[in-house]
Every structure is written in structure tokens, then in C-alpha cells.
Amino acid sequence: MRTAAVLGTGDAGSAMARRLREHGLAVRAWNRTESRARPLTGHGVAVFPTAAEAVRTAEFVLVTVFDAAAVLEVLREIAPALDAKAVVLQSATVGADIDEIVQTAEQLGVALLDAPFLGNPKQGGLTLMVAGAAEPKRLASPVLEALASTVVDVADRPGDASLLKLACNTWLFGLNAMAAQAAALTEAFGLDFRLFLDAVAGSKADSPYLHYRAAQLTGETDEVLSPVRAAIKDLAHIRAAATSAGAPDLLLDRLARLYTQAADNGLGDHDLAAIRVVLGKQAA
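Thresholds, definitions, all that
- Residues numbered from 1 in each chain as written.
- Predicted model: local features only at pLDDT ≥ 70, side-chain atom pairs only at ≥ 80, totals over all residues.
- Heavy atoms only, no water.
- Helix = DSSP H or I, 4+ residues; strand = E, 2+ residues; numbered from the N terminus.
- Contact = heavy atoms within 4.5 Å.
- 1 Å grid on protein atoms, 1.4 Å probe; cavity = no way out; pocket = protein on both sides within 12 Å on 5 of 7 lines; lining within 4 Å.
- Points joined across faces, edges and corners; volume = space filled by probe spheres on them.
- Nonpolar A, V, L, I, M, F, W, Y, C, P; charged D, E, K, R; others polar.
- Core = buried A, V, L, I, M, F, W, Y, C linked by side-chain atoms within 4.5 Å.
- Buried < 20%, exposed > 50% of the residue type's maximum accessible area, 1.4 Å probe, protein only.
- Salt bridge = Lys/Arg side-chain N within 4 Å of Asp/Glu carboxyl O.

A. Representation of the side chain of Asn 169 in the model. Mapped onto the secondary structure, Asn 169 falls in helix H8 (residues 160-188). For Asn 169, the residues in contact, after removing those within four places along its chain, are Thr 93, Leu 118, Asp 234 and Ile 238.

Structure, rendered in C-alpha cells:
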């Protein structure tokens, strides 16, 4: 049986661990707060107190921690324990910090794939953007096939996949902001936001992402698909990369201010759709 280790068992990491187990892989897991990983034992996942212990015997290591600092810390801890042929897939959104991660992996002798994703791991059907050498990509195919419905082969060296993820997230944060604005407007007009959803459904203006967040935008659920605080982190990466590349960031600046204002209103751990509250207050 092929063996994978998942390091970082937040919502995304836990869902990925379960999906890998469902596809017949033996799965080992670690999380900084061990109690958050313990429920995975009920799904046949072995949980370990340290990342180094979790990766022993693993052919594939999936790193799904929050930021670049955590990725670097994990790489340094696990490098001595990794099997010589193990492939590490880095899936955190780290922006241009991927360069330091790549350099560190090379210094440690770690075979690294840059593999951020789009989609909700709990719902399956992820898109994985992968950058790295051909052999690690080939070796990691069991993990890629288990997790993704679409794999975009970005480049033959880690780095560009993380930058592509920034462009994709810019699109998503913008879509979410305009959907929230539309919801605030319909409410201000005394209309039901569902009328807006009905009006654009099936038209050229329709968007699967709009319907993906519809329940959050209408207030039917408070389930967090992605928190505001994650958007703030990612937008900081996006703005830094845009500045470095000489790209204008006027719109990015406005988006960052909007999501930051939501966090300042105590909504940092709420779903991205919570910016509707800020837009509603501005309209009022």
C-alpha cells in the first residue's frame, strides 16, 4: 500500500487526508495542535505527535500549513526523516516566498513540488497547479489523481505555480467582493438577493462561484468555506508580488482594505461573504 503523510490538518488538510485514505493510500498525519488531527483516526488515518514521525515511511508528503514560515519550519524538521525517494508537495498559499522555500528544499535535499490548489477539498474536484521536475511529478501521480479532477502542469521548476495561484485568488476575491456588493445593493433597494441570482442564472454573467457562495451571501448558512483572515494574508502576498513585477495594484489595494475592514469589525474568522456586512454598513 502506498503511504502519504499530511502535515497540517485544518479544514483543507483533514479533507485531503480523508480523500487519500478513500483512494486506498495509507495516511499518516500531523498537526501543530494534535487534538485537531485526532478525529482523523476514525477515518483510518494514523496521527503522530511530530511531523518527523509522521513522514517516516511516507512516499508522499503533503504540506498544508497556513503560511511560508510554517512551511519552512516543517521542511527543516522533516528533512532528516524523509525517505530518499519521498516527494514533498507544498500546497500552502505562500506567494513569492516560494523562492525561499525552494532554496531551502534544495539545500536540504528534498524533492519538492509546488502544488497549490483551487476548490474546496471537502467537496472534492480540486484543481491542482503543479510546478516541479518531471520525475517528482511522475512519482506523485497517485496523490494528484486522488485529490484533483484537473491538474495544470505549470512549469518544470517550483515557483510559478504559487504565482499563478495569486492570480487565481485575485479573481476569486474580486468575484466575492462584487457578489457581496450586489447583495448589499439588492437589500438596499428592498429586493431579495435571490432575485439577482435568478436573473443572472444561465446568462453570460452567471458564475459557478456566485452559486458556490450563494448560501453565505443570503445568510442561509454561517459555514466558513474560506475565512476573511486567509484573504487578508493572500492579498498581502498578491500585492507584494504585483509590486515586485511592476504591475498596478490600485484594485488590489481597495480589495485589501475591504477585507481588512471586515476583520476589524470582528469578522476575521467568518466566511469571505461576510464583507457583505461592511458593504451594507457603507450603504447605510
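That was the structure; now back to the text.
B. Focus on the layout of surface pockets. Space inside the largest pocket adds up to approximately 1400 Å³. Along the walls of the largest pocket sit 46 residues, with Ala 12, Phe 117, Leu 225, Ser 226 and Pro 227 positioned nearest its centre. Residues belonging to the lining of the largest pocket are distributed by class as follows: 21 nonpolar, 15 polar and ten charged. One number sums up the size of the second largest pocket: a volume of about 290 Å³. Every residue lining the second largest pocket is counted, 18 residues in all, and those nearest its centre are Gly 174, Ala 177, Leu 251, Arg 254 and Leu 255. Among the elements of the structure, H8, helix H13 (250-267) and helix H14 (275-283) are those that each provide at least two residues to the lining of the second largest pocket. Here the element with the most residues in the lining of the second largest pocket is H13; it accounts for eight residues. Class assignment for the residues of the lining of the second largest pocket results in eleven nonpolar, four polar and three charged.

C. The arrangement of the nonpolar core in detail. Within the largest apolar cluster, 34 residues are counted, with the highest numbers of intra-cluster contacts made by Phe 173, Phe 193, Leu 210, Leu 217, Leu 235, Tyr 259 and Ile 275. Counting residues per element, the ones that place at least two in this core are H8, helix H9 (193-200), helix H10 (208-212), helix H11 (214-217), helix H12 (228-245), H13 and H14. Among the elements that take part in this core, H8 stands out by supplying eight residues, more than any other. If near-sequence neighbours (up to four positions away) are discounted, Leu 217 is found in contact with Ala 179, Ala 180, Ala 183, Phe 193, Leu 210, Ala 273 and Arg 276. Val 65, Leu 72, Ala 86 and Ala 92 belong to the second largest nonpolar core, which has 32 residues in total.

D. A look at the pattern of salt bridges. Here the structure, examined in full by the defined rule, presents 18 salt bridges. Note that Glu 22 is salt-bridged to Arg 19, the shortest N-O span being 3.5 Å. Of this pair, Glu 22 and Arg 19 both sit in helix H1 (residues 11-22), three residues apart, which is roughly one turn of that helix. Glu 22 sits in the exposed class, given a relative accessible area of 62%. Shared partners join several salt bridges into a network, and the residues in it are Arg 239, Asp 249, Asp 253, Arg 254 and Arg 257.

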